[in-house]
Amino acid sequence: MTDFISIGYAIVVAAGGVTGYVRAGSTISLGAGLLFGGLMGVGAYQTSINPNNYLLSLVTSGVLTATMGSRFIKSGKFMPAGLVGGLSLLMVVRFGYRAITS
């Protein structure tokens, strides 16, 4: 069964990096967005093949929750840190629940 939620999340993360580069010329945003979006893409593939193979997705979304959540707390700006931090937290809850119940 295809993990469309993780695929959508991966696309949002990668698109955020591209948007950061286009709007502000931030190569760090581009690199981080493509790196973490790519990792989530691989994680989405893994969970599509085997729903219990969620470790990469859990770790990737956990790292994004911590980094973007702290950026949101420091800046108070919802875009992009609050959005990505919130979505990442939801993904951590999703995969954390899967870890607890499997």
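Structure: see above.
The shown structure was predicted, so the numbers you read here are calculated from the model rather than taken from an experiment. (Residues numbered from 1 in each chain as written. Predicted model: local features only at pLDDT ≥ 70, side-chain atom pairs only at ≥ 80, totals over all residues. Heavy atoms only, no water.)

Draft legend 1. Quick look at the overall build of the chain. Helix and strand counts for the chain stand at four helices and zero strands. Written out in order from the N terminus, the α and β elements of the chain read α-α-α-α. In terms of C-alpha radius of gyration, the chain reaches 13 Å, essentially the compact-globule figure of 13 Å for 102 residues. If one aligns the C-alpha atoms of the chain with their principal axes, the spans along those axes are about 40 × 25 × 15 Å. A burial count over the chain gives 32% of its 102 residues as buried. Across the chain, contacts joining residues at least 24 apart in sequence account for 57% of those joining residues at least 6 apart. Accessible area for the chain stands at about 6100 Å²; split by element, carbon and sulfur atoms hold 73% of it. (Helix = DSSP H or I, 4+ residues; strand = E, 2+ residues; numbered from the N terminus. Rg over C-alpha atoms; globule rule 2.2 N^0.38 Å. Buried < 20%, exposed > 50% of the residue type's maximum accessible area, 1.4 Å probe, protein only. Contact = heavy atoms within 4.5 Å. Areas by Shrake-Rupley, 256 points an atom, 1.4 Å probe, with all protein chains shown as cover.)

Draft legend 2. The packing of aromatic side chains, seen in detail. According to the stated counting rule, one finds zero aromatic pairs in the structure shown. Lying across the ring of Phe95, Arg94 places its NZ or CZ 5.0 Å from the centre. (Phe/Tyr/Trp six-rings, centres within 6.5 Å; stacked < 30°, edge-to-face > 60°. Lys NZ or Arg CZ within 6 Å of the ring centre and 35° of its normal.)

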